[in-house]
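# Inside the fold
In case you want the letters, here they are:
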Amino acid sequence: MTPHTFGTDLLRRSLAGTGTDSGPITHLSVIPTRTARFAEWPEWVDDAVREAFVDSGIDRPWIHQAQAAQHAAAGRHVAISTGTASGKSLAYQLPILDAMVRDQRSTALYLAPTKALGADQIRAVTSLIAGRPAFSHLAPCAYDGDTDPEIRHWARMHSRWIFTNPDMLHIGILTGVFAGGGAAGPTRGQWRGFLRNLRYIVVDECHHYRGVFGAHTALVLRRLLRLARACGSDPTVIAASATVADPAAALTRLIGEPAVGVTDDGSPRGERTIALWEPDFVPGVTGENDAPVRRSAGAESARLLADFVIEGARTLCFGRSRRGVEITALGAREALSHSAPDLVDKVAAYRAGYLADDRRRLEQQISEGELVGVATTNALELGVDISGLDAVIIAGYPGTVASFWQQAGRAGRQRTSGDALVVLVARDDPLDTYLVHHPSALLDTPVEAPVFDPRNPYILGPHLLCAATEFPLQDTEIDAWGARDTVDELTAQGLLRRRKAGWYPAAGVDPHGDIDIRGGIGGQILIIDQTTSELLGTVDSGRAPSSVHPGAVHIHQGRSYVVDELDLDDGLALAHPEEPDWTTSARETTEVVITEIIDQATHGPLTVALADVDVTHQVVGYLRTLLSGEVLDAVALDMPRHTLHTRAVLYTLPDDELAALGIDATRLPGALHAAEHAAIGLLPLIATCDRWDIGGLSTSSHPDTGLPTVFVYDGHLGGAGFAERGYTEFATWIAATRDAVRACGCDNGCPSCVQSPKCGNGNDPLDKAGAVQTLSAITGWLSGT
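Note that this is a predicted model, so its numbers are computed, not measured. (Residues numbered from 1 in each chain as written. Predicted model: local features only at pLDDT ≥ 70, side-chain atom pairs only at ≥ 80, totals over all residues. Heavy atoms only, no water.)

### Concerning the overall build of the chain
- Looking only at helices and strands, the chain has 25 helices and 33 strands in total.
- The C-alpha atoms of the chain give a radius of gyration of 27 Å, which matches the 28 Å a tight globule of 785 residues would have.
- Projected onto the principal axes, the alpha-carbon positions of the chain cover approximately 75 × 65 × 60 Å.
- Per-residue burial over the chain gives 58% buried out of 785 residues.
- Counting contacts in the chain only where the partners sit at least 6 residues apart, residues at least 24 apart contribute 72% of the total.
- Carbon and sulfur atoms make up 50% of the accessible area of the chain, which totals about 29700 Å². (Helix = DSSP H or I, 4+ residues; strand = E, 2+ residues; numbered from the N terminus. Rg over C-alpha atoms; globule rule 2.2 N^0.38 Å. Buried < 20%, exposed > 50% of the residue type's maximum accessible area, 1.4 Å probe, protein only. Contact = heavy atoms within 4.5 Å. Areas by Shrake-Rupley, 256 points an atom, 1.4 Å probe, with all protein chains shown as cover.)

### Quick notes on the environment of Phe 163
- For Phe 163, the position within the fold is in strand S5 (residues 161-164).
- For the pair formed by Phe 163 and Arg 37, sequence separation is 126 residues and the distance between their alpha carbons is 30 Å.
- Ignoring any residue separated from it by four or fewer positions in sequence, one finds Phe 163 in contact with Tyr 110, Gly 118, Gln 121, Ile 122, Val 125, Pro 140, Cys 141, Ala 142 and Tyr 143.

### Considering the sheet that holds strand S9 (residues 236-241)
- What the 7 strands build is an open sheet, ordered S4-S5-S3-S8-S9-S2-S10; its pairing is parallel. Looking along the sheet, the strands with just one partner apiece sit at the ends: strand S4 (141-142) and strand S10 (260-262).
- Direction of pairing for strand S3 (residues 107-111) relative to strand S8 (residues 198-204): parallel, over a ladder of 5 bridges. From the neighbouring strand, Leu 109 faces S8, where its bridge partner is Ile 201.
- In the packing of helix H9 (residues 211-231) onto the sheet, the strands contacted are S3, S8 and S9, and the crossing angle to S8 comes to about 175 degrees. (Pairing = 2+ DSSP bridges. Axes fitted to C-alpha atoms, helices over the stretch in contact; angles between N-to-C directions.)

### Structural notes on H9
- Taking 1.5 Å per residue as the helical rise, H9 with its 21 residues ought to reach 30 Å, and the 31 Å between its terminal C-alpha atoms agrees with that figure.
- H9 sits mainly inside the fold: 19 of its 21 residues count as buried. (Expected span 1.5 Å × (residues − 1).)

### Some remarks on the packing of aromatic side chains
- Enumeration over the complete set of coordinates arrives at 10 aromatic pairs.
- Judged by centre distance (5.8 Å) and plane angle (90 degrees), the rings of Phe 730 and Trp 733 are edge-to-face. With Phe 730 and Trp 733 both in helix H24 (residues 730-743) and 3 residues apart, the pair spans about one turn of that helix. Across the pair, Trp 733 and Phe 730 agree in class, each one buried.
- An aromatic cluster is built from Tyr 92, Tyr 110, Trp 161 and Phe 163, whose rings are joined through pairwise contacts.
- Seen from the ring of Tyr 143, Arg 152 lies directly overhead, with NZ or CZ sitting 5.9 Å from the centre.
- The ring of Trp 582 is capped by Arg 624, whose NZ or CZ atom sits 4.6 Å from the centre of that ring. (Phe/Tyr/Trp six-rings, centres within 6.5 Å; stacked < 30°, edge-to-face > 60°. Lys NZ or Arg CZ within 6 Å of the ring centre and 35° of its normal.)

This is how it looks when you write it as structure tokens:
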């Protein structure tokens, strides 16, 4: 290990029992401290505003805070992207509070992707202005799904600064600006006065708006801007993120209007130790097709979490799924029950899906130090200011470089020294394996630009109907949104009608409730404990067959349930309490039909294409797997078939070229299948997606191409931009895939390289060596060698 730091000392103590100085650590680096750079308060700032900040301990702003605030005050849309704990909130608080002091009619809208982040920002603003007469009219207030109806009514009437999320903005605010709109003109709505005086819109953690969620949010923001202008205001958008590439371009894509960026970070930073950790193989344990199994990232992280709690290090452990978070917390508590039973109650789980009161109680316990170790989903990733944390454990690469640094930045925010430890524990997954052995691909790579497609007609169409319902659509808006073809289609369907004043919805059209901002077009499945009728949570209807099928294990607040019935028509998954010693993973079959080739390129015998496709899949069973990773058995299911129209990147290879490599007809299915699995696992390296957002298919002879073909497709209706990113970055993607498979230490393929946790064929056949040959050949053809 490197010389002693806070982080390396904590790691040494945790490794003390392993008999080695490094154990499963594949890389260790230390990011040095950074000193602060200050600016003077802008001249336009009102004395009352400046005094509020000075009295709170901020004598001068850092340079990035002053620069971003200056852009906003001048009416320029601005995106600030500086490190975690760099005080980005001051950059928007400053111009907003100044505007509200100078004109008490001014209003502001704050938008966050999570309720916890919005609540945190309300507390910060309330604390800043408390007891100051200049801000007595401000009344910052939450307006989200947890807000009581009486408070919502009060907020609409009195609050000058509303804190909400894209979901509530879509369904609860934009619907209440104009009422009774039609040929006779709009009548006054309950939010019209608020929007008439809207000066600023804050889009916090803007990197989070990607994929389908990003496309929906982009269109919701464009609807907000057009309604505000229809009311007579011209608001300025201020976006903030610690991790977004080219913030000006990111905000421009999100709102469809020019923006400027601020990236020169003037905040101080403590020393941060980064460790990459690869769990060992479990002796004597095999998984599917006798493949070796590594100790799970959750189990390894649970042990580390318990160790850090014993050392007194306040720690967040991030997991990738709700179930994984619950299992990790249970594992850490179990370990502590043997080694330090007095600390068991110092560990808990935190995730989305909890009731509002439970979330607030846990947040308070974390902030006050009552909880020392917390296993969490990314619900605590996005900017919630939890002070005094010493360490972060990331159980599995979170899918993007941006999310990695967001999670890493939760620690060291307010330690005396600011020092912190970050440990990334690799899952048994191709991308995780690649990153822990190629640290520069993670630590030296710029954060990604958010990938989303607001012109996806399956997303754009419903939002156009919403926009027309809210206020008549104009031709200039339709052209600016790139929506002419979609408007023509909606008109042909009788859903939109052209009148002299613009485009109006047909009678009876009420589109707002048909849009699920988080999951696409469709509804949610309610997960119910049928023994008590308790609502355990929800799941997107598209994911329900693979996650809450009959027999699936569902974990809620540390309790396990087994699903008895899934009724897609009624939107219900009925479960009962049970504590099995196994988990479940669905298996499904897939068919792909090419409907249109959008673009293609030929490289010698290799053809790569971007295409629209119809993907038909059916869940046909599930595996029961012991917590050790050993497969217990396979259970058959008969679930409905479902067809998805989406977008795919595909490549074709001639049989004779593959045969020349030694991949004959008997080896071909396994080679292509293994290459497909590995490519799906590595796509998140170049696209802001999760492997569960995408799917794939390989075949020795596809009916539409007549050749050996591999598809990787978006798992969202109409596509989310991931396949297109794979097409444009195909050479980089395939080279990384080849390197990951070739570097894996297993003999015949394992979950770290070519096995997939959601393979419909039970990971059979797989030919690891054939995949390496195929991917190497593709890389050579792409480079012309």
